[in-house]
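# Structural overview for review
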Amino acid sequence: MTPEAPFEEPWQARAFAMTVRLHEAGHFTWPAWSEHLGRALRAEPERPYWESWLAALEELTAGSGLASTAELNDRQAAWRRAHEETPHGQPVRLTDQ
């Protein structure tokens, strides 16, 4: 990561943007976000930073009732299938998008 390119992958920028938007919509406070992110980073210190960010976002989303754990698991499985079925070099897209 460099200051000119803070995100290595597009999904990282989307996770960041979703976090900011959910906060702006009043779904959680920054202190609550900081607590969840810190907990995710401490839970698996070897995990890449943005994976911990995503884990914290998923936990906070499920905990606030925005999406159930089952819904999050279903979405993860859909992305995994889409990734596996997408030819190399092509953008990965969910069929419902």
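Given the structure is predicted, the values throughout are model-derived calculations rather than measurements. (Residues numbered from 1 in each chain as written. Predicted model: local features only at pLDDT ≥ 70, side-chain atom pairs only at ≥ 80, totals over all residues. Heavy atoms only, no water.)

### Focus: helix α4 (residues 69-85)
Count 3.6 residues to each turn of an α-helix, and residues three or four apart come out pointing the same way. Put simply, the rule reads: Counting from the N terminus, the helices are DSSP H or I runs at least four residues long and the strands are E runs at least two residues long. Expected span of a helix, by definition, is 1.5 Å for each gap between consecutive residues, and there is one gap fewer than residues. Exposure categories follow from relative accessible area, calculated using a 1.4 Å probe and restricted to protein chains: below 20% of the type maximum is buried, above 50% is exposed, and the middle band is partly exposed. This arc is taken over the directions from the axis of the helix to the C-beta atoms. In this description, contact between two residues means that some pair of their heavy atoms is separated by no more than 4.5 Å.
When the terminal C-alpha atoms of α4 are compared, their 24 Å separation across 17 residues agrees well with the 24 Å that a helix rising 1.5 Å per residue should span. Of all the residues in α4, the buried ones are L72, A78 and A82. An end-on view of α4 places all buried positions within 120 degrees of arc, on one side of the element. Summarising the contacts, the buried residues of α4 are in contact with α3 (49-63).

### Regarding the side chain of H36
What counts here: Pairs of N or O atoms within 3.5 Å make up the polar contacts considered here, provided that, within protein, one atom can donate a hydrogen while the other can accept it, and that residues adjacent in sequence are counted only when both atoms are side-chain atoms.
Locating H36 in the fold gives a position in helix α2 (residues 30-43). Within polar-contact distance, the side chain of H36 engages the backbone oxygen of A32 at 3.0 Å. In this view, H36 contacts A56, E59 and L60; residues no more than four positions away in its chain are not counted.

### With respect to the nonpolar core
As a rule of thumb, nonpolar side chains are buried together in soluble globular proteins. How we decide: The definition of a nonpolar core used throughout is a set of buried Ala, Val, Leu, Ile, Met, Phe, Trp, Tyr and Cys residues joined through side-chain atoms within 4.5 Å.
Within the largest apolar cluster, 11 residues are counted, these being A15, L22, F28, W33, L37, A40, W50, W53, A56, L57 and L60. Looking at this core, the elements that each hand over two or more residues are α1 (10-24), α2 and α3. Counting residues per element, this core draws most heavily on α3, which supplies five residues. Not counting chain neighbours up to four residues away, the residues in contact with W33 comprise T19, F28, W53, A56, L57 and L60.

### Let's talk about the packing of aromatic side chains
Threshold: Stacked, tilted and edge-to-face are the three classes applied to pairs of Phe, Tyr and Trp rings, where Trp contributes its six-membered ring and a pair requires centres within 6.5 Å; stacked means planes under 30 degrees apart, edge-to-face means over 60, and tilted covers the rest.
Across all of its chains, the model carries eight aromatic pairs by this definition. Between Y49 and W53, the ring centres sit 6.1 Å apart and the planes meet at 55 degrees, which makes this aromatic pair tilted. Of the two residues, Y49 and W53 are both situated in helix α3; the distance of four residues between them amounts to about one turn of the helix. Overall, the relative accessible area of 38% leaves Y49 in the partly exposed class. Relative accessible area serves as the criterion here: at 7%, W53 is assigned to the buried category.

### Brief notes about the confidence of the model for the chain
Our working rule: The predictor attaches a confidence to each residue, and that confidence, scored 0 to 100, is pLDDT.
With 95% of its residues at a pLDDT of at least 70, the chain reaches an overall mean of 88. For the chain, the element scoring lowest by mean pLDDT is α4, at 83; α2 scores highest, at 96.

### Some remarks on the side chain of T19
Structurally, T19 is set in helix α1. For T19, the side chain forms a polar contact with the main-chain oxygen of A15, separated by 2.8 Å. Once residues lying within four places of it in the same chain are set aside, the contact partners of T19 are F28, W30, W33, W53 and L57.

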